[in-house]
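Structural characterization, general
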Amino acid sequence: GAGVSQSPSNKVTEKGKDVELRCDPISGHTALYWYRQSLGQGLEFLIYFQGNSAPDKSGLPSDRFSAERTGGSVSTLTIQRTQQEDSAVYLCASSPRLGSGASGANVLTFGAGSRLTVL
Amino acid sequence: AQTVTQSQPEMSVQEAETVTLSCTYDTSESDYYLFWYKQPPSRQMILVIRQEAYKQQNATENRFSVNFQKAAKSFSLKISDSQLGDAAMYFCAYRSAGANSKLTFGKGITLSVRP
């Protein structure tokens, strides 16, 4: 697609429920990132996928958080047993492989984010 | 680990005036990239400008320019002829030149533009 697409745009859920957030990166981009932005805060790195390499999960805050990327394209971020502190905007970004020589290889293009509210 | 610091949480500028947003970073690496992203109320993060650390020349994009001081690890953004549409949160970010590296962000600064 022309840009990074995220769904849902907004999600309200009850504490304890599971949620899934979807990211559809730019076609051909091999790198995909998830970030979390809490109210008034900067962007907190969650997880990074690069091609078929093992993902960098170092930013996931707890084992309730997981993400997968199927077929090297669409990614789903899953939060199990949601807590109120999980309320935030979840941003996805993609880029060509760094060092690939592709135009914009070192630039991340972001989606509009999914706002999660846990009641 | 790399860190990015934006010490000013808010700034205000008069329309048509010039404003400078500060950013410092900490790294032991010699090759990296620096970015400024803009986030308007729509939440969409938009790339404003980028700088490769190996380039001595400061990057410029129309009304936006940077002052990159590698030795001081400083990377400030200057917005000239400020416009109402420049009002947004601005984030400074760092990325290592390594093949597998994430973008590390500062906490951001909220810029308001007075008409």
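A quick note: this is a predicted structure, and the numbers were derived from the prediction, not measured.

Let us now look at the layout of surface pockets. All names here are of chain A. By volume, the largest pocket amounts to about 280 Å³. Lining the largest pocket are 15 residues, and of these Gln37, Leu39, Gly40, Val89 and Arg115 lie nearest its centre. For the lining of the largest pocket, the secondary structure elements donating two or more residues are strand E8 (88-95) and strand E10 (114-118). Residues of the lining of the largest pocket, tallied by class, amount to seven nonpolar, six polar and two charged.

Here we take up the packing of aromatic side chains. Applying the stated criterion to the full structure yields 15 aromatic pairs over all chains. The cationic tip of lysine 102 of chain B hangs over the ring face of phenylalanine 45 of chain A; the distance from NZ or CZ to the ring centre is 5.1 Å.

This part covers unusual backbone geometry. For the peptide bond that leads from serine 7 of chain A to proline 8 of chain A, omega is -10 degrees, which places it in the cis range. Within the secondary structure, proline 8 of chain A sits in the loop between strand E1 (5-7) and strand E2 (10-13). Not every positive phi belongs to a glycine, and alanine 16 of chain B is a case in point at roughly 80 degrees. Summarising the element assignment, alanine 16 of chain B is placed in the loop between strand E2 (10-14) and strand E3 (19-21). Looking at alanine 16 of chain B, the relative accessible area reads 46%, which means it is partly exposed.

Each value, and the rule that gives it
Residues numbered from 1 in each chain as written. Chains lettered and ligands numbered in written order. Predicted model: local features only at pLDDT ≥ 70, side-chain atom pairs only at ≥ 80, totals over all residues. Heavy atoms only, no water. 1 Å grid on protein atoms, 1.4 Å probe; cavity = no way out; pocket = protein on both sides within 12 Å on 5 of 7 lines; lining within 4 Å. Points joined across faces, edges and corners; volume = space filled by probe spheres on them. Helix = DSSP H or I, 4+ residues; strand = E, 2+ residues; numbered from the N terminus. Nonpolar A, V, L, I, M, F, W, Y, C, P; charged D, E, K, R; others polar. Phe/Tyr/Trp six-rings, centres within 6.5 Å; stacked < 30°, edge-to-face > 60°. Lys NZ or Arg CZ within 6 Å of the ring centre and 35° of its normal. Buried < 20%, exposed > 50% of the residue type's maximum accessible area, 1.4 Å probe, protein only.

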